[in-house]
Structures are given as C-alpha cells and as structure tokens.
Amino acid sequence: MAWVSLVGGGTAWAGTEEFSPPELGAPTALGPGVTYRGFSLKGSNGPAYGHLLTVDLRDRRVSVDLLYPGAVGARERLSRMAGDRGAVGGVNGDFFNIAEAQHPGVDATGAPVGPAVAGGHDLKAAVPDGQRFGPAMPSGGTTEDVLGVGADRTARLDRLTLEGSVRARNDEFPLSGFNQYAIPVDGIGAFTPAWGTASRLRATCGTDTDRGAPCSDDTRELTVRGGRVAAVAERPGRGAVARGSVVLLGREDGARQLRKLKVGDQVAVDEYLRPRRSGSLRFAIGGFPLLRGGRPVGGLDAATAAVRTAAGLADRGRRLLLLALDGGAAHRPGLTLFELAQALKGLGATDGFNLDGGGSSTLVARDPGEARPTVRNHPSGGAERPVPNGIGIFIRP
C-alpha cells in the first residue's frame, strides 16, 4: 500500500507530552463496523510504520473472540487460525513459552502467559509473575491483567484471578493452576482436554520469583475420570487429557496433599476465573496495560524501541483499535512502550494494552471478495511466526 508521508517533523520523545499523532492512510472497509488502514509516525528512534484495524462494537453484526489452535499448549500462524475460523481480521496475542533453554531436556509448551477466555468459556489462568515471558511489566502490572469484552459487548481492561478447589473425602485443597505452563510453588494445577498434548513437566519447573530455578523433584499427578481417581503417577506426564477427565498435578506441598488420594477415591475439581470488575467476560486475552484514562501508566520503558502489537479502547469501550507495527527487511526500529501508549492516545484510545511484539507481531485482514485473511504488516523475522493465540474479528451475515 502507499504510505502517507511523515509531516511536521513531530517527535515522540520519551518522557514528554510532545507527540505528533499517527498519520493515517485511507480506510478500507472490511465489512460492517470494521475498517483497515495503514499509518506512520516519527518515533525517537526513527520513522515507524504500522497497520490498524478499527472495530465498532456498537454494530451487533460485529464481534471479537479468541483465536487459538484448539489447544492451550500449541502454536499456529495467525493467518491460518483466522482463516479457519472465518475471521475478517485480527492480531497476535499474548506472550508465550517459546523456548526452555533454562531447563535443558524440558520441552517448551508454547502456552501463553496470561488468562484466556474464548466464547465465554475459561481456557486457562495466569502463571506467577516471576514465570512470565516478555518485557518488564510497568508499575502495578501482573500476569492476571487482561483485555476483554463482556457480555454487554463493551471492551475493558480487567484482571482475572483463578478461584478453585479440589474436594475429596473430608479434605479440600485450593487449586492454584489451570491449564498453565507454570504452577505456583506448593500448588496444585488442573489440566483439562483444552490443554492439548504438550508435556506437563514444564509446569513444575522454576519458582514464583525465578523462572530459571530447577524443576521440582517432589511432584504427584492424578488422573480424575468420572469423579474418581483413575490413575496416579509420581512424575508429570504428557499426551492428551481424555474427554471427561482432569489431570491434577501437584508440586511440593501440593504433591503431598495429592498423595492422600488413592485410585477409586471420589474427587471434585472446580475452577473459575473471577474478574475484578463486575460483569462476565465473553473474551479475554493476556498482556499488560499501557494507557489508562488517556495517560500512559507509570514505569513504561521509554528507551527500548521494538516492533509492537497493541490494542486500544475508545468511546468507553465501544470501539476497539488493533494495531501492529512493521519490522521486516528494512530493520525498522519500532517504538518504545511509552511511545506506543502515546500512539494509541493519538489514535483516539483512552485505554491501551500491550500484546506480544518482535517476531510475533502480526496483523491480518480479509478484503471483501477474498477467501482468507492475509498478513498486512511485515513480520520482523521475514515470515509469519506461529503463536498461541490472537484476537479475531468476526462479522455476522
């Protein structure tokens, strides 16, 4: 596409209020309530170019939902996930467990960091803050932070906290993990069929404050089927969790609690992602806030430029902005997190949310008449990277 020129010599110098809003290209309507356009702006490290999807949630024909490859512990190209679901556009989502160099011999799961909700169903909870992947979070950030859309069709920034329990005989143990690649120290995690086939060993590695700490040697795994313990093991397993079953994996004190249970014992497992704000979420994805009430949040990195993906909320959550910057062969420097927050503000957002960037940054869109969405930005690695999830835009006929 033809980029609009940079004008006015405006700067986005970190730590100041001087900022020239992005220059927008001509919009292309992808369907009712959804437009795509390019934009450019000048950052402190040079010009940045990006791609923007605008979603009007007031149009009841339009919705957004989680894109994922059918399993939490798996990755796929965003264009493939969007095309298979019939989405007209979307961006990549949460940071994820891409490699396990700190734990030789332990397979990376590909699972995302934060909570996830798809179609109103809870998929997973957040890993401990010290176990996350991605850039440093700003002040007050947590892995429980999400961007979501409620049953009222309004987008919002929120937090999702896992509440759950394991009940057996006269005992009740707290559940501290749900389909996540890292269980808190002394905790018990539950894995459902939504987890997929990835190994569960990684869930017992590291600590709540040190991702690279050794894997625990005190573990216990139970398979619960039909409300009863069907199998026990001392080490975490791998492979699909059968329909109607739940795998409970404990480490340290959690393992000792699970050793009280034997094959044939009755067990009930409950899990629920509780939002901090009122109203249930039909869709949610992890990341961290950049902008609140029209102001960048405290502690944003104002020095490191990178290719970024982000979401902005405008018109009291009735309009959603999804953007991804260009990387590619031109080695475009991108924006700092502070500049990204300012860019979202310049586009009209009052709240902003950072998603995975770098080689993961991808935006796809499908023009009217096209069969499937295509990648519109230039990924940093020169090709589209498989990712665990994304935000998909859907238009009902």
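Residues numbered from 1 in each chain as written. Predicted model: local features only at pLDDT ≥ 70, side-chain atom pairs only at ≥ 80, totals over all residues. Heavy atoms only, no water.

For the chain, an unreviewed UniProt entry supplies the name Phosphodiester glycosidase family protein and the organism Streptomyces hesseae.

With that settled, the discussion passes to the nonpolar core. In terms of nonpolar packing, the biggest core is built from 71 residues, with Val-64, Leu-147, Leu-290, Leu-320, Leu-323, Ile-391 and Ile-393 touching the most fellow members. Residues within four places of Leu-323 in sequence aside, it is in contact with Phe-39, His-51, Leu-52, Val-91, Arg-308, Thr-309, Ala-310, Leu-340, Leu-344, Leu-347 and Leu-363. (Core = buried A, V, L, I, M, F, W, Y, C linked by side-chain atoms within 4.5 Å. Buried < 20%, exposed > 50% of the residue type's maximum accessible area, 1.4 Å probe, protein only. Contact = heavy atoms within 4.5 Å.)

A separate point is the sheet that holds strand β12 (residues 177-178). An order of β12-β13-β16-β14-β15 is seen for the five strands of this open sheet, with the pairing classed as mixed. Bordering the open sheet on either side are β12 and β15 (228-233), each of which pairs with just one other strand. (Pairing = 2+ DSSP bridges. Helix = DSSP H or I, 4+ residues; strand = E, 2+ residues; numbered from the N terminus.)

Quick look at the state of the cysteines now. According to the stated counting rule, one finds one disulfide in the structure shown. Covalently, Cys-205 is tied to Cys-215 through a disulfide, its sulfur atoms 2.0 Å apart. Because the torsion about its S-S bond is 85°, the bridge between Cys-205 and Cys-215 counts as right-handed. Of this pair, Cys-205 sits in the loop between β13 (188-191) and β14 (219-225) while Cys-215 sits in the loop between β13 and β14, and the two are 10 residues apart along the sequence. Of the residues examined, Cys-205 reaches a relative accessible area of 0% and is grouped as buried. Owing to a relative accessible area of 27%, Cys-215 belongs among the partly exposed residues under this scheme. (Disulfide = S-S within 2.5 Å.)

In this section: the side chain of Asn-377. Within the fold, Asn-377 resides in the loop between β25 (374-375) and β26 (390-395). Among the polar contacts listed, one links the side chain of Asn-377 to the backbone oxygen of Leu-325, at a separation of 3.2 Å. A polar side-chain atom of Asn-377 sits 3.1 Å from the main-chain amide nitrogen of Leu-363. (Polar contact = N/O pair within 3.5 Å; in protein donor to acceptor, adjacent residues only side chain to side chain.)

A few words now on the pattern of salt bridges. Tallied over the full model, the rule gives 24 salt bridges. Note that Arg-238 and Asp-107 form a salt bridge whose closest N and O atoms lie 3.1 Å from each other. Here Arg-238 is found in the loop between β15 and β16 (245-251), whereas its partner Asp-107 is found in the loop between β6 (89-92) and β7 (116-118), with 131 residues between them in sequence. For Arg-238, a relative accessible area of 54% puts it in the exposed group. Here Asp-107 falls in the partly exposed class, since its relative accessible area comes to 36%. Close ionic contact of Arg-167 with Asp-270 constitutes a salt bridge, the shortest N to O distance being 2.6 Å. Residue Arg-167 is found in strand β10 (residues 155-168), and its partner Asp-270 is found in strand β17 (residues 267-275); the two are separated by 103 residues along the sequence. Using a relative accessible area of 36% as the deciding quantity, one classes Arg-167 as partly exposed. Here Asp-270 falls in the partly exposed class, since its relative accessible area comes to 34%. (Salt bridge = Lys/Arg side-chain N within 4 Å of Asp/Glu carboxyl O.)

Time to look at the environment of Thr-154. Mapped onto the elements, Thr-154 comes out in the loop between β9 (145-150) and β10. In this structure, the C-alpha to C-alpha distance between Thr-154 and Ala-341, residues 187 residues apart in sequence, is 21 Å. The contacts of Thr-154, once residues within four sequence positions are left out, are Gly-148, Val-149, Arg-316, Gly-317 and Arg-318. Side-chain polar atoms of Thr-154 contact the side chain of Arg-318, separated by 3.2 Å.

Our focus in this paragraph is helix α3 (residues 337-346). Within α3, eight of the 10 residues are buried, which leaves it mostly tucked inside the rest of the structure. Every buried residue belonging to α3 is among Leu-337, Phe-338, Glu-339, Leu-340, Ala-341, Gln-342, Ala-343 and Leu-344, and all of these are buried.

With that settled, the discussion passes to the environment of Pro-275. Here Pro-275 shows up in strand β17. Residues Pro-275 and Val-55 lie 220 residues apart in sequence; the distance between their C-alpha atoms is 23 Å. Excluding residues that lie within four positions of it along the chain, Pro-275 makes contacts with Arg-156, Asp-158, Arg-159 and Leu-160.

Before going further, it helps to spend a moment on helix α1 (residues 78-85). Three- or four-residue spacings in an α-helix give side chains the same orientation, since the helix completes a turn every 3.6 residues. For α1, the complete set of buried residues consists of Leu-78, Ser-79, Met-81, Ala-82 and Gly-83. At its buried positions, α1 is contacted by β5 (62-67), β6, β24 (363-365), β25 and β26. Once α1 finishes, Gly-86 follows within two positions and takes phi at roughly 80°, a positive value.

On to the sheet that holds β25. Pairing is antiparallel across the open sheet formed by five strands, whose spatial order is β5-β26-β6-β24-β25. One side of each edge strand has no neighbouring strand; the edge strands of this open sheet are β5 and β25. Bridge analysis of β6 against β26 gives four bridges, and the strand direction is antiparallel. Bridging across to β26, Val-91 finds its partner in Ile-391. On the sheet, α1 packs against β5, β6, β24, β25 and β26 and is oriented at approximately 130° with respect to β5. (Axes fitted to C-alpha atoms, helices over the stretch in contact; angles between N-to-C directions.)

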